[in-house]
Amino acid sequence: MHMRFLALALPCLLFLNLPDPAAAQSLGNAGTIEGTVTDPSGAAVPKAQVTLHNAVTGYSQSTQAGSDGSFRLNNIPPNPYHLEVTAPGFSSFSQNIDFRNAVPVQIKAALALAGGKSEMVVEGGAVEALENDPSAHVDVDRSQLLKMPAVDPAGGLSQAIIYSTGGVAADGNGFFHPLGDHAQASFLIDGQPISDQQSKVFSTQLPTSAIQSMEVTTGTPNVEFGDKTSLVAQITTRSGLGAGKLFGNIDANYGSFGTAGGSVGLGFGTAKFGNFIAIDGVRTGRFLDTPEFTAIHDKGNSQTIFDRFDYQPNGKDAFHLNIFLARNWFQIPNDYDQLAQDQHQRVLTWSIAPAYQHTFSAHTLLTVNPYLRKDQVNYYASRDPLADTPATQSQNRQLLNWGVKADISTIAGRHNVKYGIDLKQTRLLENFGFGVTDPAFNSPCIDDTGTSIGDPNLTDPGQCAAAGFQPNTSDNPNSAAPFRPAILPYDLTRGGSLFNFHAAANINQYAFYAQDSITMGNFLFNIGLRFDRYDGLVTKSEPEPRAGIAYNIKKTGTVLRVAYARTLETPFNENLLLSNATGVGGLAQNVFGSNAVAIQPGFRNQFNVGFQQAVGRFLLIDADYFWKYTHNSYDFSTLLNTTITFPIAWHNSKLDGITGRVSTTNLHGFQAYWTFGHTRARYFPPETGGLIPQGQPLVDGVFRIDHDQAFQSTVTARYQRPHNAEWIALTYRFDSGLVVSGIPDAGAAIALLSPNQQVTIGLACNGVFATVANPITDCVTANGAQGKVTSKLLTLPQGGYGPFPSQENNDHNPDRVKPRNVINLGLGTDNLLHSEGRRRYTAAVDIANLTNVVAAYNFLSTFSGTHFLQPRTVVAHVGLVF
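Keep in mind the model is a prediction, meaning the values are calculated, not measured. Counting restarts for each chain: residues are numbered from 1 in the order of the written sequence. Given that this is a predicted model, residues contribute local features only at a pLDDT of at least 70 and side-chain atom pairs are listed and counted only at 80 or more, while totals for whole chains, interfaces and linings are drawn from all residues. Side-chain numbers come from the whole structure's heavy atoms, not from hydrogens or water.

Draft legend 1. The arrangement of the overall build of the chain in detail. Runs of H or I in DSSP of at least four residues are treated as helices and runs of E of at least two as strands, each being numbered from the N terminus. When helices and strands are counted, the chain shows five helices and 46 strands. C-alpha atoms define the radius of gyration in this analysis, and the globule rule sets the expected value at 2.2 Å times the number of residues to the power 0.38. Expected size for 882 residues packed as a compact globule is a radius of gyration near 29 Å; at 29 Å, the chain falls within 12% of this value. The principal-axis extent of the C-alpha atoms belonging to the chain is close to 105 × 60 × 50 Å. Remark: exposure states derive from per-residue accessible area (1.4 Å probe, protein chains only) relative to the maximum for the residue type, with buried under 20%, exposed over 50%, and partly exposed in between. Within the chain, the proportion of its 882 residues that are buried is 59%. Element-wise, carbon and sulfur atoms account for 60% of the exposed surface of the chain, whose accessible area totals about 32000 Å². Taken as two groups, the 59 positive and 70 negative side-chain charges of the chain have centres that lie 7 Å from each other. Values of accessible area rely on a 1.4 Å probe in the Shrake-Rupley scheme; residue burial ignores everything except the protein chains shown. Charge counting follows a simple rule: Lys and Arg are positive, Asp and Glu are negative, and His as well as the terminal groups are ignored. By convention, charge coordinates are those of NZ in Lys, CZ in Arg, CG in Asp, or CD in Glu.

Draft legend 2. Expanded view of the pairing of strand 19 (residues 317-331). Strand pairing is assigned whenever DSSP detects at least two bridges linking the two strands. With twelve bridges connecting them, strand 18 (residues 300-311) and strand 19 associate as antiparallel partners. Its bridge partner lying in strand 19, Tyr-311 is registered against Phe-319. Linking strand 18 back to strand 19 in an antiparallel pair, the connection comprises five residues. Both strand 19 and strand 20 (residues 344-361) contribute to a ladder of 15 bridges, which runs antiparallel.

Draft legend 3. Just the side chain of Asn-249, in detail. Looking at the secondary structure, you find Asn-249 in strand 15 (residues 247-255). For the purposes of these results, a polar contact is taken to be a pair of N or O atoms within 3.5 Å, where, inside protein, one atom must be able to donate a hydrogen and its partner to accept one; residues adjacent in sequence count only when each atom of the pair is a side-chain atom. Separated by 3.5 Å, the side chains of Asn-249 and Arg-238 make a polar contact. There is a polar contact of 2.7 Å between the side chain of Asn-249 and the side chain of Asp-251. Contacts are assigned to residue pairs with any non-hydrogen atoms lying within 4.5 Å of each other. Beyond its immediate sequence surroundings of up to four residues, Asn-249 is in contact with Arg-142, Arg-238, Ser-263, Val-264, Gly-265, Leu-880, Val-881 and Phe-882.

Draft legend 4. Representation of unusual backbone geometry. Following Thr-389, the chain continues to Pro-390 via a peptide bond in cis, the omega torsion being 0 degrees. For Pro-390, the position within the fold is in the loop between strand 21 (364-380) and strand 22 (391-412). Even without glycine at this site, Asn-75 takes up a positive phi of about 55 degrees. As for its placement among the helices and strands, Asn-75 is situated in strand 4 (residues 70-76).

Draft legend 5. Highlighting the state of the cysteines. Here, two cysteine sulfur atoms that lie within 2.5 Å of each other are counted as a disulfide. In this structure the tally under the stated criterion is two disulfides. At a sulfur-sulfur separation of 2.0 Å, the disulfide partner of Cys-445 is Cys-464. Negative torsions about the S-S bond denote left-handed disulfides, and the value of about -90 degrees found for Cys-445 with Cys-464 makes this one left-handed. Here Cys-445 is found in strand 24 (residues 445-446), whereas its partner Cys-464 is found in the loop between strand 24 and strand 25 (470-471), with 19 residues between them in sequence. Judged by relative accessible area, Cys-445 falls into the buried class, the value being 0%. The disulfide partner of Cys-765 is Cys-779, and the gap between their sulfur atoms is 2.1 Å.

Draft legend 6. A look at a nonpolar patch on the surface. Distance thresholds for patches are 9 Å for like charges and 5 Å for nonpolar side chains (Val, Leu, Ile, Met, Phe, Trp, Tyr), applied to residues having over 30% relative accessible area and no salt bridge. We define a salt bridge as a contact between a side-chain nitrogen of Lys or Arg and a carboxyl oxygen of Asp or Glu at a distance within 4 Å. On the surface, Met-520, Phe-523, Ile-549, Val-562, Phe-607, Val-609, Tyr-625, Trp-627 and Ile-658 cluster together to form a nonpolar patch covering roughly 730 Å² of accessible area. If you list the elements that add at least two residues to the nonpolar patch, you get strand 30 (602-615) and strand 31 (619-638). Mapped onto the fold, Val-609 is located in strand 30. Judged by its relative accessible area of 44%, Val-609 falls in the partly exposed class.

Draft legend 7. Inspection of the nonpolar core at higher detail. The definition of a nonpolar core used throughout is a set of buried Ala, Val, Leu, Ile, Met, Phe, Trp, Tyr and Cys residues joined through side-chain atoms within 4.5 Å. In terms of nonpolar packing, the biggest core is built from 39 residues, with Phe-432, Phe-434 and Leu-639 touching the most fellow members. Breaking this core down by element, the ones donating at least two residues are strand 21, strand 22, strand 23 (415-436), strand 26 (499-520), helix 4 (576-582), strand 31 and strand 32 (645-664). Ranked by residue count, the leading element in this core is strand 26, at five residues. Among the nonpolar cores identified, the runner-up in size contains 35 residues, and Ile-162, Phe-176, Phe-276 and Tyr-673 belong to it.

Draft legend 8. Just the pattern of salt bridges, in detail. Taken as a whole and judged by the stated rule, the model has 29 salt bridges. Residue Arg-530 is joined to Asp-422 by a salt bridge in which the shortest nitrogen-to-oxygen separation is 3.8 Å. In this pair, Arg-530 sits in strand 27 (residues 523-535) while Asp-422 sits in strand 23, placing the two residues 108 residues apart along the sequence. There is no split in this pair, since Arg-530 and Asp-422 are both buried. The partner of Arg-530 in a salt bridge is Asp-532, and the shortest N-O contact between them spans 2.6 Å. Here Arg-530 and Asp-532 have matching classes, each one buried.

Draft legend 9. Up close: the environment of Asp-535. When you line up the elements, Asp-535 lands in strand 27. A residue is classified by how much of its surface remains accessible, and Asp-535, at 3% relative accessible area, is buried. Between the C-alpha atom of Asp-535 and that of Gln-425, which follows or precedes it by 110 residues, the distance is 9.4 Å. A polar atom in the side chain of Asp-535 sits 3.3 Å from the side chain of Thr-539.

Draft legend 10. Representation of the sheet that holds strand 7 (residues 105-110). Read from one edge to the other, the open sheet built from three strands follows the order 4-1-7, with strand pairing classed as mixed. Every interior strand has two partners, whereas the edge strands, strand 4 and strand 7, have only one. Sheet twist, expressed as the average angle between the axes of neighbouring strands with direction ignored, equals 20 degrees. Summarising the sheet, strand 1 (residues 31-38) and strand 7 pair through six bridges and their orientation is parallel. Its bridge partner lying in strand 7, Gly-35 is registered against Ile-107. To obtain each axis, a line is fitted to C-alpha atoms, and for helices this fit is confined to the stretch in contact; angles are then taken between N-to-C directions over 0 to 180 degrees.

Draft legend 11. Focus on the sheet that holds strand 14 (residues 231-237). Pairing within the open sheet is mixed, and its five strands lie in the order 8-13-14-11-12. Because the sheet does not close on itself, it has two edges, and the strands there are strand 8 (137-141) and strand 12 (192-194). Going across the sheet, the axis of each strand differs from the next one's by a mean of 15 degrees, ignoring polarity. The sheet contact formed by strand 13 (residues 211-217) and strand 14 spans six bridges and is antiparallel. Its bridge partner being in strand 14, Thr-217 is matched across the sheet by Val-232. The strands that helix 3 (residues 156-164) touches are strand 8, strand 11 (185-189), strand 13 and strand 14; relative to strand 13, the one it contacts most, it runs at about 50 degrees.

Draft legend 12. Geometry of helix 3. With eight of nine residues buried, helix 3 is to be regarded as a mostly interior element. Along helix 3, the positions that sit buried rather than exposed are Leu-157, Ser-158, Gln-159, Ala-160, Ile-161, Ile-162, Tyr-163 and Ser-164.

Draft legend 13. Inspection of the packing of aromatic side chains at higher detail. A pair of Phe, Tyr and Trp rings is counted when the ring centres sit within 6.5 Å of each other, with Trp represented by its six-membered ring. The angle between the planes then sorts it: under 30 degrees is stacked, over 60 is edge-to-face, the rest tilted. The tally for this structure, following the rule as stated, stands at 22 aromatic pairs. For the pair Phe-523 and Tyr-551, a centre-to-centre distance of 4.4 Å together with 40 degrees between the ring planes defines the contact as tilted. Of this pair, Phe-523 sits in strand 27 while Tyr-551 sits in strand 28 (residues 539-553); the two residues are 28 residues apart in sequence, bridging distant segments of the chain. Overall, the relative accessible area of 35% leaves Phe-523 in the partly exposed class. For the pair Trp-627 and Tyr-629, a centre-to-centre distance of 6.4 Å together with 15 degrees between the ring planes defines the contact as stacked. What links up through ring pairs into an aromatic cluster is the set Phe-175, Phe-202, Phe-572 and Phe-636. Definition used: whenever NZ (Lys) or CZ (Arg) falls within 6 Å of the ring centre and also within 35 degrees of the ring normal, the charge is taken to sit over that ring. Stacked on the ring of Phe-287, the Lys or Arg Lys-200 has its end atom at 4.9 Å from the ring centre. Positioned above the aromatic ring of Phe-769 is the side chain of Lys-792, whose terminal nitrogen or guanidinium carbon lies 4.8 Å from the ring centre.

Draft legend 14. Structural context of the pairing of strand 20. In this sheet, strand 21 lies alongside strand 20 in antiparallel orientation, the contact comprising 14 bridges. If you follow Ser-351 over to strand 21, its bridge partner there is Arg-373. The turn linking strand 20 back onto strand 21 is made up of two residues.

Draft legend 15. Fine view of the side chain of Asn-575. Residue position: Asn-575 is located in the loop between strand 29 (558-569) and helix 4. Judged by its relative accessible area of 3%, Asn-575 falls in the buried class. A distance of 2.5 Å separates the side chain of Asn-575 from the side chain of Gln-395, its partner in a polar contact. The residues touching Asn-575, leaving out its near neighbours within four places in the chain, are Gln-395, Arg-397, Glu-430, Ile-644, Thr-645, Phe-646 and Pro-647.

Nothing here speaks to function; it is all geometry.
And the structure:
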């Protein structure tokens, strides 16, 4: 297969990478401005001050015109900007510029004499930040990232997306659910596409210290994006190109849970070359989100090195190289039923991503982005396998991804055309071991209360009657978790042996795309077509038309938009080989391999409609409605209480909801934004793939998956005194609660929860709380009717107690995590000593979960496990900026 891949990729590269002996540009998705400053006679104006600014994101870049009046601004993230040119004795020149691609923008700034008219007068503030774009997105700048009071070791990128983007539900360990999907997110880092999982238990994340800005798209994706498109984060990293002087930062931090770390950034460069390097590290006693509010066995550390090198030998060519090295090592957190366990995990990542751009003319640009990236994950069982409960497991898997993304952008009149290729191969290697260590975990027999019998001598339900017990089978109404014969050969307590799995395979993907953005007056039409070929364990091809319309009502400061996208949905690559081999219902329901059904690629139809509205100069409102129908909808199935997950597919899903953001411009040092989202995520069986899920099996029929959250909202407010001095930042996050899938909340099935689990969630029967010594085994009233089960952390709307009928409905009224309100606070200064030079000392304190709210992301979720929010966490920072 890989030879076929090469045969297709190389001719495309040779065709696109045409040589040319002869405006400079920025690599990846960033843009460049080149221009000249002249006086009324046409003579050059040297040393004119040129400033580019976005009023909403806070991004700003400035330079000074040379002796010939020329200037250049590099590495500009895609966004609308306000450009202003000033010089003594002249009126200012200003112009609004909207970057949508990397084609260099040419500016001729003709300055009028002071007292005369400037060449162009534009309205500033929120209006200039309006984007005539059919796809909803938000923009996040480094200035916002630096003052975002969120604490998550090795998970800063996830936190930045969660706290800045509407419609994104937070989950444990850096997971987030964009617009009702599990983790269908893609990242484009300086042009390098990454669609594999970026949570810290799967891979390692680019540190926020290396990020200049990012554009997070939650609307319909453009044709250049495929694979995982529910959320696309286009990231522009920091660069030293054109810096003209050495710059950087040194930071150190220490805080709760023995957290200690630091960051070093260093950049330098000239007009032709530049380099920026960021080195980050952290060690903490609470690395992952834990299954208990108290962190038990949760030490971890992370180290990352990112380096970006730019070289522009002339005005036509630009070369770029990103190198990323990272390592996470951490313990697997224990709950109170697993105190003897000593499982841990290591994640190694390296990535090499060169790039080349060639400017054929002022209107045509070629971009080529080859890349090579590898994740290696090792999961280590305890030294004594029987110390692991209820099972022991180990894993060694690798994911090697290499490919090329190349396109040509050209502007001709009202047409802005981009066409290109996206070719890649993912090489998978999986080694996995598993064995049951608890005889009660998969017992063939139960007593009359439904409690599993932990007798290792009982190996078949047919033995139960003779032993005085009942068979633990699906036709027994007392059985809450029926015996699964497929697991018996791997039950170490019943004479079984470890299940060992080894497999390797390649996943080849080819995509070709073309799009034309047509400007007609105040209208913008995006018309495109993408063709994807997925050639892995199964094969599928899909043509994907995409279209969008945006209309700018300039008189009222309004942009209206509507868009449609057809997308090919591809399975998750992590543990794909084993999950494909288990079949319908996973290993738990099949003798291994006897009913194997491969997870198929799917397709999606997505519709979006929304608007942007500027209110005066200081307020910008953005809202979007989405509706997505997916055939073959993907998720993960968590293996028991570990970090090991397996991809699964449901027959189809229907997702719809609303996302939005309200932002202010800078009001004398004060700036704020509010993001919000509402999602309905309905999934339909049957399910394919997986191994042995945690929690209780779902009933047949449509249900709300644990990505479903009725409402989430984030308010972020920041005030900073003038001259980059003292600042305060506050975030308020409300989550109405994710769905809890398959938790037993009535009858004898409650006994499936261990005493410690019942105490952890504050479970009560008729107002009497469970204790470790006196757990709830069945909840009935004095007259034998069904009692009322409640929880401090979960909303259990079963309502089937006494004379009241059950109110629980897996589709319309499922169990959920209770709503939570969490406040984070940051205090600091960007100039501790109020010095006047370039060297400044900084200090800050971040407090996450200020009021120490006890809350869970989820509990015994089939799809993500049990994870608590971090307790109050305080981290202090000191640093030097130069």
